[in-house]
Every structure is written in structure tokens, then in C-alpha cells.
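# Descriptive structure summary
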Amino acid sequence: MRILVMSDIHANYTALEAVLKDAGSVAQTLCLGDLVGYGPDPNAVVEEVREIPNLTCMLGNHDAAMTRKLPFETFNGDARRSLIHHEKVIKPSNVDYLRTLPFQATVHGDVTLAHGSPRDPLWEYILNSFAARLNFDHFSTPYCFVGHSHIQCMFGLDDRSDHVLLEQTLPDQPLILRPKVILNPGSVGQPRDRDPRAAYAIYDTEARTWTPRRVEYNIAEVQERIRESGLPEKHAARLAEGW
Ligand code: ZN
């Protein structure tokens with residue numbers, strides 16, 4: 001089964017469209033949260049995502065803020081400003097949808113899903129081997145898929161040495177999965193690994209492979225909508241360079 005894994009769309013409808021088109025036909029879609037925050041299109045993104053067939057979608061920290069499960073004060077200034085903007089424009093039916101999203105899930109019996117980490121689904125970033133090692137004690141499935149850091153990567157635990165290795169993942173190079181890995185598909189709408197192209201991954205359940213993907217989209221058009229909406233300039237500028 002070919003499964004689309006994506007995360008951190010962040011109200012960037014143009015990037016989402018590019019990813020869905022590039023991924024082509026898939027049997028299932030796993031979305032690791034943060035549909036809203038930062039970008040210009042919170043309604044269009046929620047409405048597109050909720051219509052995806054065979055979807056399992058997690059709650060991200062920005063989504064939780066939109067449903068008032070998290071106070072806006074816990075976000076930094078520019079992130080908070082975009083949440084305040086989104087709250088003014090988002091339709092109540094879309095907030096209702098965000099309210100239905102879970103913090104964590106298990107699919108196919110072998111994959112744990114969470115936005116940030118299985119230990120702290122809303123806030124923890126798995127950015128280094130230390131954070132990854134702590135999290136290997138918080139899920140029992142062979143694989144764990146997370147988002148939140150906006151960085152496409154993989155952490156693998158070597159059971160014998162108890163060491164965690166951060167393994168670089170490269171676009172279009174399939175990784176053959178062994179048990180005890182934490183995988184991040186990167187961010188659709190606001191990549192932070194210096195590659196501005198929209199990021200996602202394809203998980204193949206039969207071949208047991210994970211293929212990171214990058215796809216170009218019209219960044220200038222999204223920057224224009226960010227500026228027109230009066231959202232912070234920083235959210236427009238960073239899209240061009242991927243930070
Ligand atoms: Zn995010």
C-alpha cells in the first residue's frame with residue numbers, strides 16, 4: 001500500500017495542492033498536524049484536508065491554539081500574530097473539524113503518529129539524538145512518524161549499543177525501514193531545512209520503504225497573499241529560503 005505522509009501545511013494551500021498532485025494516487029494519507037498558523041489560507045487548507053479519503057490526521061500545536069486548547073500566549077510574537085489573524089477569518093465549521101483531531105494514533109498496528117513527539121505530542125521537537133533516544137521509550141510500534149520540526153530526517157535506534165543515529169534523508173532515495181525508527185516527512189507549507197520546496201514522504205507498507213520527496217510550488221504567489229493579508233513579513237520572507 002502506498003501511503004502519503006505529510007505534516008505542517010501551515011495554511012499554505014498552493015504548497016498543499018502541489019504535494020497532492022505530485023503524490024498521485026495513494027491508498028491512505030497520514031497528516032501529522034499543523035494545518036493552520038503562519039500562512040494565508042487556513043480555510044482552504046482545512047477544507048481540502050478534511051475531504052481527503054482514508055485520512056488520519058493529528059492535532060498540531062497551532063491547531064490546538066485555534067480550538068483554544070492552548071493559549072495564544074504560549075506562542076512567540078510572529079506565530080501569535082498569525083493565530084490572531086486566523087481566528088478572525090477561520091470558519092466555525094473548520095474550527096469544529098480541528099476539535100475532532102487526536103493527539104496521537106496508531107495505524108496498521110505498526111506506526112505511531114504524533115505531531116511533535118510521542119512523549120509530548122504538542123510541543124516537543126525531535127531535533128537531536130538525545131530527544132530521539134528519550135522518545136524511543138514512549139512508543140511500542142516499530143515505527144513512529146512525527147512532524148513539528150519542519151525538517152525531513154530519520155532517527156534510528158541501535159538496540160545493541162543503545163545509540164541513536166540521525167540519518168540524513170535525501171529526496172527520492174528510498175530508505176528500507178528496519179524497526180525502531182522515528183521519521184519526519186518535513187513540512188509542506190514552511191520547510192526549515194534550507195530547501196524551500198514543499199516536503200512530504202511516501203511510505204510503502206509492502207516494500208517497507210520510506211521515500212522523502214520535494215516538490216516545487218509557486219512561492220511568490222503565496223508570499224503575495226501573506227502580504228495582502230497583513231500577516232507578518234517574516235512568514236513571507238522565510239518561504240523563499242526555507243528557514
Ligand atoms: Zn509546525
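Everything below is about the structure printed above this text.
Figured I'd write up the structure that's included with this text. Within any chain, residue numbers begin from 1 and follow the written order of that chain's sequence. Since the coordinates come from a predicted model, pLDDT governs what is reported: local features require at least 70, and pairs of side-chain atoms require 80 or more to be given and counted, while whole-chain, interface and lining totals use all residues. Hydrogens are left out, water is left out, and the side-chain values use all remaining heavy atoms of the structure.

### Describing helix H5 (residues 92–99)
What counts here: The cut-offs for exposure are 20% and 50% of the maximum accessible area for each residue type, with area from a 1.4 Å probe on protein chains only; residues under the lower value are buried, those over the upper are exposed, and the others partly exposed. Only DSSP runs of H or I covering at least 4 residues are called helices, and only runs of E covering at least 2 are called strands; the numbering of each starts at the N terminus. Working note: the arc is built from the helix axis to C-beta atom directions. Contacts are assigned to residue pairs with any non-hydrogen atoms lying within 4.5 Å of each other.
Burial in H5 covers these residues: Asn 94, Val 95, Tyr 97 and Leu 98. The buried residues of H5 occupy an angular sector of 155° when the element is viewed end-on, so they sit on one face. Residues of H5 that are buried make contact with helix H2 (42–50), strand S3 (55–57) and helix H3 (61–66).

### Some remarks on the coordination of the zinc ion
Six octahedral donors around a metal ideally subtend angles of 90 or 180 degrees, whereas four tetrahedral donors ideally subtend 109.5 degrees. Our working definition: Donor criterion used throughout: N, O or S atom within 2.8 Å of the metal, extended to 3.2 Å for Na, K and Ca. Water excluded; incomplete-looking sites may result. All geometry calls rest on donor angles, where a four-donor set with angles between 85 and 135 degrees is tetrahedral, four- and six-donor sets with opposite donors more than 155 degrees apart and all others between 65 and 115 are square planar and octahedral, and all else is irregular.
The zinc ion binds to the protein through Asp 8 (OD), His 10 (NE2), Asp 34 (OD) and His 150 (NE2); the donor distances cover 2.0 to 2.5 Å. Taken together, the 4 donor atoms surrounding the zinc ion define angles of 85 to 177° at the centre, an arrangement classified as irregular. Counting residues between consecutive donors of the zinc ion along the chain gives the motif D-x1-H-x23-D-x115-H. Of the two residues, His 10 sits in the loop between strand S1 (2–6) and helix H1 (13–23) while His 150 sits in the loop between strand S6 (143–145) and strand S7 (153–158), which places them 140 residues apart along the sequence.

### Considerations on the pattern of salt bridges
So the rule is basically this: Salt bridges are defined as contacts in which a side-chain nitrogen from Lys or Arg sits within 4 Å of a carboxyl oxygen from Asp or Glu.
Counting across every chain of the model gives 19 salt bridges. The partner of Glu 87 in a salt bridge is Arg 68, and the shortest N-O contact between them spans 3.0 Å. Of this pair, Glu 87 sits in helix H4 (residues 77–89) while Arg 68 sits in the loop between H3 and H4, placing them 19 residues apart in sequence. Residue classification places Glu 87 among the partly exposed positions, given a relative accessible area of 33%. With relative accessibility at 47%, the residue Arg 68 sits in the partly exposed group. The partner of Arg 133 in a salt bridge is Asp 162, and the shortest N-O contact between them spans 3.0 Å. Linking Arg 133 in helix H6 (residues 129–136) with Asp 162 in the loop between S7 and strand S8 (163–168), this pair joins segments that are 29 residues apart in sequence.

### A closer look at the nonpolar core
Note the following rule: What we call a nonpolar core is a set of buried Ala, Val, Leu, Ile, Met, Phe, Trp, Tyr and Cys residues that are connected through their side-chain atoms within 4.5 Å.
Core analysis: the biggest nonpolar cluster contains 44 residues, and Met 6, Ile 9, Leu 35 and Leu 98 have the highest contact counts within it. Ranked by the residues each element gives to this core, the list is headed by H1, at 5 residues. Dropping the residues within four chain positions of it, Ile 9 is found in contact with Leu 16, Cys 31, Gly 33, Asp 34, Leu 35, Val 45, Val 49, Val 188 and Gly 189. One finds Leu 30, Leu 32, Val 111 and Tyr 143 within the second-largest nonpolar core, a separate group that totals 19 residues.

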